Amino acid sequence: MEAMNTLEVKQAQKFYGQFQAVKDIDLTIAKGEIYALLGHNGAGKSTLIKMILGLVKPSAGTIVIEGLNYDAKNKEIKKKVGYLPERMNFYDNLTAWETIGFYAKLKGIMKKRCEEVLEQVGLKEAGHRRVGAFSKGMQQRLGLAQAIIHKPDLLVLDEPTTGLDPIGILELKEMIRNWNKEGTTILFSSHNLNDVEELAQQIGIMNRGEIIAQGSLAELQDRLGLPTKIEIDLAVIPVDLEKILAVKRIETFLVEGRTISIDCPKAKKAQVIAAVMDGVLKVLDLRLAEPGLNSIYQSIMEKPAVL
Ligand SMILES: Nc1ncnc2c1ncn2[C@@H]1O[C@H](COP(=O)(O)OP(=O)(O)OP(=O)(O)O)[C@@H](O)[C@H]1O
Ligand SMILES: [Mg+2]
């Protein structure tokens, strides 16, 4: 039977000598999902990723990819995973073509596929140039090309957007979305909350070797109970604004110019909006801002034992 989950990490731990870099991690990624790992420098993201790749041996726990375990007899598991490391080292004197040809040979892939992947990552034109003269963004693209050349079931990207310019980031996100649409499951780590918010269906937040919060953006928003910000532009600010709002049971608010901001519990949103719009105030415009990943991340990091 085909596995439902592409990745199952159970109770994974990693000690470097006395130091425990990863503590009892459980992580499941369903087939076809995009999962993002967030966390401060040194939280253990890359260590966890390297254990998933079979590059670092866990001190305890199990890792199963597409139903397969890492063991001496099982070479199949490595074919199922593609990896873009935090830092890639290429041979400066080889061209992009030669480099990707080298990886193709290593992985037993036909040459024809090289052209396809170089095109996908936007390096077809630069194929005959030396990698040593490539910009950081071009090297990152080449790194991606080697990661997907064997059409892995699970694509693991360790901080893929670092060092890319804004257009490079947009293009990378588009590539990730396309590979995902074609059925590739994706795990990536990032310090860029916007990228995570845009791409990930599931988010895991790591702190000191542990995953302290896990879920979709909406689930994390709900669990933390962070308020929705309601901003209201008024034609005029009445002198007795405080009294008017008190009647509407709105007690905490901020006034800046002719704009009022109210931090409102999610469950009371409709009630507060209806009260504000009852005709007493001259409302010109109204905006809602749900708590984004930025406030979620900050809130979780302030009290790390919550979720
Ligand atoms: N080979 C190693 N030997 C000893 N300690 C290590 C080794 N690799 C990582 N560590 C330590 O394990 C901890 C986790 O490191 P890791 O690289 O996994 O963090 P990270 O979350 O990827 O951080 P960053 O965001 O900076 O990339 C750090 O304290 C690091 O110093
Ligand atoms: Mg790292």
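Just so we're clear, the structure is a prediction, and the values are computed from it rather than from any experiment.

Asks: Describe the site of ligand 1, naming the residues involved and giving the relevant values.
Replies: By nearness alone, 14 residues border ligand 1, and Gly-42, Lys-45, Ser-46, Thr-47 and Glu-86 come closest of all. The side chain of Asn-41 places a nitrogen or oxygen atom 2.9 Å from an oxygen atom of ligand 1. In this structure, Thr-47 approaches ligand 1 through a side-chain N or O atom, which is 2.6 Å from an oxygen atom. Considering ligand 1 on its own, with 640 Å² of exposed area, one finds that the protein chains cover 62% of that surface. It is helix H1 (residues 45-52) that contributes the most residues to the shell around ligand 1, three residues altogether. Residues of the shell around ligand 1, tallied by class, amount to four nonpolar, seven polar and three charged.

Asks: Report on the pattern of salt bridges, specifying residues and quantitative values.
Replies: On inspection of all chains with the given rule, the structure shows 20 salt bridges. Between Glu-115 and Lys-124 there is a salt bridge whose closest N-O contact spans 4.0 Å. In this structure, Asp-263 engages Lys-229 in a salt bridge whose closest nitrogen and oxygen atoms are separated by 3.0 Å. Of this pair, Asp-263 sits in strand S13 (residues 259-264) while Lys-229 sits in strand S11 (residues 228-234); the two residues are 34 residues apart in sequence, bridging distant segments of the chain. Given the relative accessible area of 33%, Lys-229 is considered partly exposed. Several salt bridges share partner residues, and in doing so they unite Lys-173, Glu-174, Arg-177, Asp-195 and Glu-198 into one network.

Asks: So what about the UniProt feature "domain: ABC transporter" (unreviewed entry) in the protein? Which residues, and what values?
Replies: Under the feature "domain: ABC transporter" (unreviewed entry), the UniProt entry names residues 7-233. The distance separating the terminal C-alpha atoms of residues 7-233 is 48 Å; by composition the span is 33% helix and 30% strand.

Asks: Kindly report on the nonpolar core, identifying the contributing residues and their values.
Replies: Generally speaking, a soluble globular protein has its nonpolar side chains buried in company with each other. Counting residues in hydrophobic clusters, the biggest one holds 51 residues, and the most contacted among them are Leu-142, Phe-188 and Ile-205. Ranked by residue count, the leading element in this core is helix H5 (residues 136-148), at six residues. Dropping the residues within four chain positions of it, Phe-188 is found in contact with Ile-34, Tyr-35, Ala-36, Leu-37, Leu-157, Pro-160, Asp-195, Val-196, Leu-199 and Ala-200. Residues Tyr-35, Ile-49, Ile-65 and Tyr-83 belong to the second largest nonpolar core, which totals 26 residues.

Asks: Explain helix H11 (residues 293-302) to me, and be specific about the residues and the numbers.
Replies: Regarding H11, the residues found buried are Leu-293, Ile-296, Tyr-297, Ser-299, Ile-300 and Met-301. Where the residues of H11 are buried, they touch strand S3 (34-39), helix H7 (193-199), strand S9 (202-207), strand S10 (210-215) and helix H8 (217-224).

Asks: Residues and numbers for the layout of surface pockets, please.
Replies: Considering only enclosed or pocket space, the largest pocket measures out at about 470 Å³ in volume. If you trace the largest pocket, you find 14 residues lining it, with Lys-78, Lys-79, Val-81, Lys-107 and His-150 closest to the centre. Mapped onto the lining of the largest pocket, the elements with two or more residues apiece are helix H2 (76-79), strand S6 (81-84) and helix H3 (96-106). Counting residues per element, the lining of the largest pocket draws most heavily on S6, at three residues. Its residues assigned to classes, the lining of the largest pocket comprises eight nonpolar, three polar and three charged.

Asks: So, the pairing of S9: which residues are in play, and what are the values?
Replies: Among the six residues in S9, six count as buried, and that is most of the element. Covered by surrounding structure in S9 are Gln-202, Gly-204 and Met-206 together with Ile-203, Ile-205 and Asn-207, the residues of both alternating faces. Direction of pairing for S3 relative to S9: parallel, over a ladder of five bridges. The residue of S9 that forms the bridge with Ala-36 is Ile-203.

Asks: Now, about the coordination of the magnesium ion (ligand 2): what can you tell me, with residues and values included?
Replies: Summarising the metal site, the magnesium ion (ligand 2) is bound by the protein donors Ser-46 (OG) and Glu-86 (OE), whose distances to it range over 2.0 to 2.3 Å. Of this pair, Ser-46 sits in helix H1 while Glu-86 sits in the loop between S6 and H3; the two residues are 40 residues apart in sequence, bridging distant segments of the chain.

Asks: Explain the pairing of S3 to me, and be specific about the residues and the numbers.
Replies: For S3, the tally of buried residues reaches six of six residues, placing the bulk of the element in the interior. Summarising the sheet, S3 and strand S8 (residues 185-189) pair through four bridges and their orientation is parallel. Its bridge partner lying in S8, Ile-34 is registered against Ile-186.

Asks: Describe a nonpolar patch on the surface, naming the residues involved and giving the relevant values.
Replies: Together, Tyr-91, Phe-102 and Leu-106 line one region of the surface with nonpolar side chains, adding up to about 370 Å² of accessible area. Judged by its relative accessible area of 61%, Leu-106 is exposed.

Calculation rules
- Residues numbered from 1 in each chain as written.
- Chains lettered and ligands numbered in written order.
- Predicted model: local features only at pLDDT ≥ 70, side-chain atom pairs only at ≥ 80, totals over all residues.
- Heavy atoms only, no water.
- Near = heavy atom within 4 Å.
- Polar contact = N/O pair within 3.5 Å; in protein donor to acceptor, adjacent residues only side chain to side chain.
- Areas by Shrake-Rupley, 256 points an atom, 1.4 Å probe, with all protein chains shown as cover.
- Helix = DSSP H or I, 4+ residues; strand = E, 2+ residues; numbered from the N terminus.
- Nonpolar A, V, L, I, M, F, W, Y, C, P; charged D, E, K, R; others polar.
- Salt bridge = Lys/Arg side-chain N within 4 Å of Asp/Glu carboxyl O.
- Buried < 20%, exposed > 50% of the residue type's maximum accessible area, 1.4 Å probe, protein only.
- UniProt positions renumbered as here; feature names shortened; annotations may be inferred.
- Core = buried A, V, L, I, M, F, W, Y, C linked by side-chain atoms within 4.5 Å.
- Contact = heavy atoms within 4.5 Å.
- 1 Å grid on protein atoms, 1.4 Å probe; cavity = no way out; pocket = protein on both sides within 12 Å on 5 of 7 lines; lining within 4 Å.
- Points joined across faces, edges and corners; volume = space filled by probe spheres on them.
- Pairing = 2+ DSSP bridges.
- Donors = N, O, S within 2.8 Å, 3.2 Å for Na, K, Ca; no water.
- Patch = residues over 30% accessible without salt bridge, like charges linked within 9 Å, V, L, I, M, F, W, Y side chains within 5 Å.

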